[in-house]
Amino acid sequence: MSKAKVDIIKSKFVPLNIENVDTDQIIPARFLKATTRDGFGKNLFRDWRYENDDETKPKADFVLNNNQYTGSILVAAKNFGCGSSREHAAWAIDDYGFKAVVSSFFADIFKNNALNNGLLPVTVSEDFLQKIFLLDNEAELLIDLEKQTITIVATGESEAFEISAYKKTCMLNGYDDIDYLLSIKEDILAYEAAL
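Bear in mind the structure is a predicted one, so any value in this text is a computation, not a measurement. Every chain's residues receive numbers from 1 upward, in the order its sequence appears when written. Note on the predicted model: pLDDT of at least 70 is required for a residue's local features to be given, and 80 or more for side-chain atom pairs to be given and counted; whole-chain, interface and lining totals, by contrast, use all residues. Water and hydrogen atoms were dropped before computing side-chain values, which therefore reflect all heavy atoms in the structure.

Participant: Got a sec to walk through the packing of aromatic side chains? Specific residues and values, please.
Facilitator: Whether two aromatic rings pair depends on their centres lying within 6.5 Å, for rings of Phe, Tyr and Trp, where Trp uses its six-membered ring; planes under 30 degrees apart make the pair stacked, over 60 edge-to-face, and the rest tilted. This structure, assessed with the given rule, holds nine aromatic pairs. The interplanar angle of 0° and the centroid separation of 5.7 Å between the aromatic rings of Phe 45 and Trp 48 together place this pair among those described as stacked. Three labels apply to residues, based on accessible area from a 1.4 Å probe with only protein chains included: buried if under 20% of the type maximum, exposed if over 50%, partly exposed otherwise in between. Judged by its relative accessible area of 1%, Phe 45 falls in the buried class. By relative accessible area, which is 22% here, Trp 48 ends up partly exposed. What links up through ring pairs into an aromatic cluster is the set Phe 45, Trp 48 and Phe 62.

Below you can see the structure in the form of structure tokens.
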């Protein structure tokens, strides 16, 4: 299934300065019954957002309930996405409206699930992450996938991040694995003909 292309993301961000956020906290297991990707965003961090699972009682101290923080970038503390391998965690973050997640460390399975679903995980140094957390709620970040850099817009301070060349190509073009294979169909046919 083709996805939206990702290239430049310039946005304010939502700071989630909590370490070791696991996939059950991102999307609790009781919401995993659906078979499509749609609708998971409303239950993102469900147990942290509401008192007694009641949508009419949002917890005032949780960042997603604070309208001062907006944007398409989620900034999380280290070891984000640990725990079980549920793909629904990436679906929920994407469906909520985030295009990228920034952290100093991602669990490998979460990182792969994010990349496979068009959500860009950006790994930064712990020092750079702490600088982001010190910014005010009006600050913007600029993520440039082509250049593989993340920049604090106000100061121009920037850091490079790693991504596999294959996943970078897929995200820049909005490809899933099948789309990528179709994009190199002529190369594959030429290779087969040469054998």
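Participant: Give a detailed account of the packing of helix 3 (residues 88–96) against helix 4 (residues 108–116), specifying residues and quantitative values.
Facilitator: Between N-to-C directions, angles span 0 to 180 degrees; the directions come from axes that are lines fitted to C-alpha atoms, helices contributing only their stretch in contact. Every helix listed is a DSSP run of H or I at least four residues long, and every strand listed is a run of E at least two residues long, numbered separately from the N terminus. Running from N to C, helix 3 and helix 4 point in directions that differ by 50°, and their axes come no closer than 8 Å. Put simply, helix 3 runs oblique to helix 4. Between helix 3 and helix 4 lies a crossing whose hand is right-handed. Residue-level contacts link Ala 89, Ala 90 and Ile 93 of helix 3 to Phe 110, Asn 113 and Ala 114 of helix 4. Following the grouping adopted for this structure description, the nonpolar residues are Ala, Val, Leu, Ile, Met, Phe, Trp, Tyr, Cys and Pro, the charged ones are Asp, Glu, Lys and Arg, and the polar ones are all others, Gly among them. For the contact of helix 3 with helix 4, the per-class residue count stands at five nonpolar, one polar and no charged. Note that the term roughly parallel is reserved for angles under 35 degrees, roughly antiparallel for angles over 145, roughly perpendicular for angles of 65 to 115, and oblique for everything else. Left-handed describes a crossing whose near helix is turned anticlockwise from the far helix through less than a right angle; right-handed describes the clockwise counterpart. Residue contacts follow a heavy-atom distance rule, with two residues in contact if any of their heavy atoms lie within 4.5 Å.

Participant: Quick one: what's the story with the sheet that holds strand 7 (residues 158–160), residue by residue and with numbers?
Facilitator: Think of a sheet as strands paired side by side through backbone hydrogen bonds, with each pair either parallel or antiparallel. DSSP bridges decide pairing: two strands pair if at least two such bridges lie between them. Reading across the sheet, the seven strands line up as 4-3-2-1-5-6-7 and stay open at both edges, with mixed pairing between neighbours. For this open sheet the edge positions go to strand 4 (120–123) and strand 7, each flanked by a neighbour on one side alone. Shown here is a sheet whose adjacent strand axes are inclined to one another by a mean of 30°, direction ignored. With five bridges joining them, strand 1 (residues 8–16) and strand 5 (residues 140–144) adopt antiparallel strand pairing. By the bridge assignment for strand 5, Ser 11 is matched with Leu 141.

Participant: Tell me about a nonpolar patch on the surface, and name the residues and values.
Facilitator: Residues Ile 178, Leu 181, Leu 182 and Ile 188 make up a contiguous nonpolar surface patch of about 380 Å² in total accessible area. Within the element layout of this structure, Leu 182 appears in helix 7 (residues 177–183). The patches described consist of residues with a relative accessible area above 30% and no salt bridge, like charges being joined within 9 Å and nonpolar side chains (Val, Leu, Ile, Met, Phe, Trp, Tyr) within 5 Å. Accessible surface is estimated by sampling points in the Shrake-Rupley manner with a 1.4 Å probe; for residues, cover comes only from the protein chains shown. Any Lys or Arg side-chain nitrogen found within 4 Å of a carboxyl oxygen on Asp or Glu counts as a salt bridge.

Participant: Which residues make up the environment of Thr 169, and what values do they have?
Facilitator: Within the secondary structure, Thr 169 is located in helix 6 (residues 165–173). Its relative accessible area of 31% is what places Thr 169 among the partly exposed residues. Sequence separation of Thr 169 and Leu 145 is 24 residues, and the distance between their C-alpha atoms is 9.7 Å. Residue contacts for Thr 169: discarding those within four places in its chain leaves Tyr 175 and Tyr 180.

Participant: Run through the nonpolar core, naming residues and quoting values.
Facilitator: Core analysis: the biggest nonpolar cluster contains 28 residues, and Ile 26, Phe 45, Phe 80, Ile 93 and Phe 110 have the highest contact counts within it. Looking at this core, the elements with two or more residues in it are strand 1, strand 2 (73–76), helix 3 and helix 4. The element best represented in this core is helix 3, accounting for five residues. Counting residues in hydrophobic clusters, the runner-up holds 26 residues, among them Ile 9, Ala 77, Phe 133 and Ile 163. Definition of nonpolar core: a set of buried residues of the types Ala, Val, Leu, Ile, Met, Phe, Trp, Tyr and Cys, connected through side-chain atoms within 4.5 Å.

Participant: Pulling in residues and values, what's your account of helix 6?
Facilitator: Along helix 6, the residues classified as buried are Lys 167, Lys 168, Cys 170, Met 171 and Leu 172. Here the buried face of helix 6 lies against helix 4, strand 4 and helix 7. Following helix 6 by one or two positions, Gly 174 has its phi on the positive side, about 70°.

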